[in-house]
Amino acid sequence: MKANMITIAELKQKIAEIKSQLEADLIQNLAKEELRIKFLAKKGLFNELAKIISQVKPSDKKETGQLLNEVKTEITESIEKSTKSSSDSKNKWVDLTAPGIKPKTGHMHPVSQAMEEITQIFERIGFSRSRYPEVDWDWYVFESLNMPKNHPARDEWETFFIDAPTDKKMGKVVLTTHTSNGQVREMERLESKPPIRMINIARCYRRQQDATHTQMFHQFEGLVIDKGINIQNLKGTLDYFAEQFYGPGTKSRIRPFHFQFTEPSLEVDFSCHICHGTGFLDDKTETPEDQRQKCKFCKSGWHEVGGAGMVHPNVLKAGGFNPDIYTGFAFGWGVERTYTLKEGLNIDDIRLLYSGDLRFLEQF
Ligand code: FA5
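No experiment lies behind these values; they were computed from the predicted model shown.

A. Summary view of empty space enclosed by the protein. A complete count under the given rule lists one cavity of 30 Å³ or more for this structure. Estimates place the volume of the largest cavity at around 40 Å³. As for the largest cavity, its lining consists of Y246, T250, F270, S271, C272, H273, H303 and L341. Across the lining of the largest cavity, the residue classes tally to four nonpolar, four polar and no charged.

B. Seen up close, unusual backbone geometry. With an omega dihedral of -5 degrees, the bond running from P194 to P195 counts as a cis peptide bond. The residue P195 is located in the loop between α7 (181–189) and β4 (196–205) in this model. The omega torsion across E263 and P264 is -5 degrees, close enough to zero to call that bond cis. With respect to the element layout, P264 can be found in strand β7 (residues 262–271).

C. View of the environment of Y205. Among the secondary structure elements, Y205 is positioned in strand β4. We classify Y205 as buried; its relative accessible area is 16%. Residues Y205 and H178, 27 residues apart in the sequence, show an inter-C-alpha distance of 7.5 Å. Within polar-contact distance, the side chain of Y205 engages the side chain of E134 at 2.6 Å.

D. Quick peek at the site of the ligand. Around the ligand, the structure places 26 residues, and the nearest of them are H178, S180, R206, Q208 and T214. The contact in question runs from an oxygen atom of the ligand to an N or O atom on the side chain of E304, over 3.3 Å. Taking V305, its main chain carries an N or O atom lying 3.1 Å from an oxygen atom of the ligand. Of the pockets mapped on this structure, the ligand occupies the largest pocket. When contributions to the shell around the ligand are tallied by element, the ones reaching two or more residues are β5 (216–226), β8 (302–311) and β9 (327–334).

E. Expanded view of the side chain of T214. Considering the arrangement of structural elements, one finds T214 in the loop between β4 and β5. A polar contact of 2.8 Å, which involves the side chain of T214, links it to the backbone oxygen of M216. Those residues within four positions of T214 in sequence are excluded, and the remaining contacts are R206, Q208, Q209, I350, R351 and Y354.

F. Structural view of the domain arrangement of the chain. Segmentation of the chain into domains returns domain 1 (8–84) and domain 2 (110–361). The straight-line distance from the C-alpha centre of domain 1 to that of domain 2 is 68 Å.

G. Layout of helix α4 (residues 61–81). Taking 1.5 Å per residue as the helical rise, α4 with its 21 residues ought to reach 30 Å, and the 30 Å between its terminal C-alpha atoms agrees with that figure. Listed in full, the buried residues belonging to α4 are T64, G65, L67, L68, V71, I75 and I79. Viewed end-on, α4 has its buried residues packed into an arc of 165 degrees, placing them on one side of the element. Residues of α4 that are exposed and angled more than 90 degrees away from the buried face: K62, N69 and K81. Lining the buried residues of α4 we find α1 (8–27), α2 (32–40) and α3 (45–50).

H. A look at the packing of helix α5 (residues 110–123) against helix α8 (residues 231–246). Following both chains from N to C, one finds α5 and α8 inclined at 130 degrees, their axes separated by 10 Å at the closest point. Taken as axis vectors, α5 and α8 run oblique relative to one another. The hand of the α5/α8 crossing is right-handed. Of the residues in α8, those touching α5 at A114, E117, I118, I121 and F122 are T237, Y240, F241, Q244 and F245. Considering only residue class, the contact of α5 with α8 consists of seven nonpolar, two polar and one charged.

Conventions we followed
- Residues numbered from 1 in each chain as written.
- Predicted model: local features only at pLDDT ≥ 70, side-chain atom pairs only at ≥ 80, totals over all residues.
- Heavy atoms only, no water.
- 1 Å grid on protein atoms, 1.4 Å probe; cavity = no way out; pocket = protein on both sides within 12 Å on 5 of 7 lines; lining within 4 Å.
- Points joined across faces, edges and corners; volume = space filled by probe spheres on them.
- Nonpolar A, V, L, I, M, F, W, Y, C, P; charged D, E, K, R; others polar.
- Helix = DSSP H or I, 4+ residues; strand = E, 2+ residues; numbered from the N terminus.
- Buried < 20%, exposed > 50% of the residue type's maximum accessible area, 1.4 Å probe, protein only.
- Polar contact = N/O pair within 3.5 Å; in protein donor to acceptor, adjacent residues only side chain to side chain.
- Near = heavy atom within 4 Å.
- Sits in = over half its atoms within 2 Å of the grid points.
- Contact = heavy atoms within 4.5 Å.
- Domains from an automatic or database assignment.
- Expected span 1.5 Å × (residues − 1).
- Arc of directions from axis to C-beta.
- Axes fitted to C-alpha atoms, helices over the stretch in contact; angles between N-to-C directions.
- Parallel < 35°, antiparallel > 145°, perpendicular 65-115°, else oblique.
- Left-handed = near helix turned anticlockwise from the far one by under 90°.

Listed below in structure tokens is the structure:
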């Protein structure tokens, strides 16, 4: 006999052990469901025992099979006869006046909440939300925006390319690096007929990853085109958004910048809600700056949120507008960046928004 072979006597001994364990559990009045799991489930004691069949002599296999069948029937019957069920509330005292257990409900992700709020703010002043592809032609993402092939400005949009055939006019297929791909698409959709008042909110993708950048993020893009649109209309829109989104008293600031698709181009800042745009937490304006208490949230009084400018004549032309008759403004900001600057949020790493950590998300 092989060293690890099991005899019928040893098998009977093991069967006796299982049975006495079942008896003890029945005396303890364990619930039926618990007994079924312990003795009859896939990883239960009976199945563990049944594995023994591979360790008995071929001549003992028949008897082993019979013994196992008998014990299984016995266990099943004993469990079925037991009276206690886990749903059995006969002996439980129930306080019917106690408050119920609130079922867990989900809610919109904070970024979705922000997109809803942004949409509503712009819809109140006549903008309409548009949606355009996230996987788009090079033409809409770069070339129609005054960035010809191989233009160095393209480097700033660290692009993911799709492995797909190149089109002669439209070029390669890319994951949209910004929502500006919606500019010429919106002009085409409205057949180059003014007025255009678009708000395009969508996912964007770039090869970037740190506390203020994620590979997938969202932008919202505003585009207004009509006769006589000027930079004051843009500034008025920024101020309106600042007050609506961040609260009364928030100001916007524009600084010169460069984008290929706007001229002039601007960077947009909003005043910090903690220091109200001063950069300091005290109001000792007479005190030298190096002795004052600096605002740690903004360090300068302002938060940069994105770009803006007057639509470049070449972009108007690409969308079928005559730039001698029509003018327009555009802006594009990060939803995550804009949102995390809201008062009271205190989120210093936007990657947290996509961590899937419920401890974080349940706070919103
Ligand atoms: C643009 O994308 C321009 N299309 C904006 C624009 C539109 C300018 C219309 C003029 C007219 P920029 O690359 O600076 O610009 O991105 C704008 C904002 O998007 C940034 O300020 C930031 O808030 C957000 N952003 C950019 N990259 C990331 C990223 N990887 N993760 C999170 N947010 C990002």
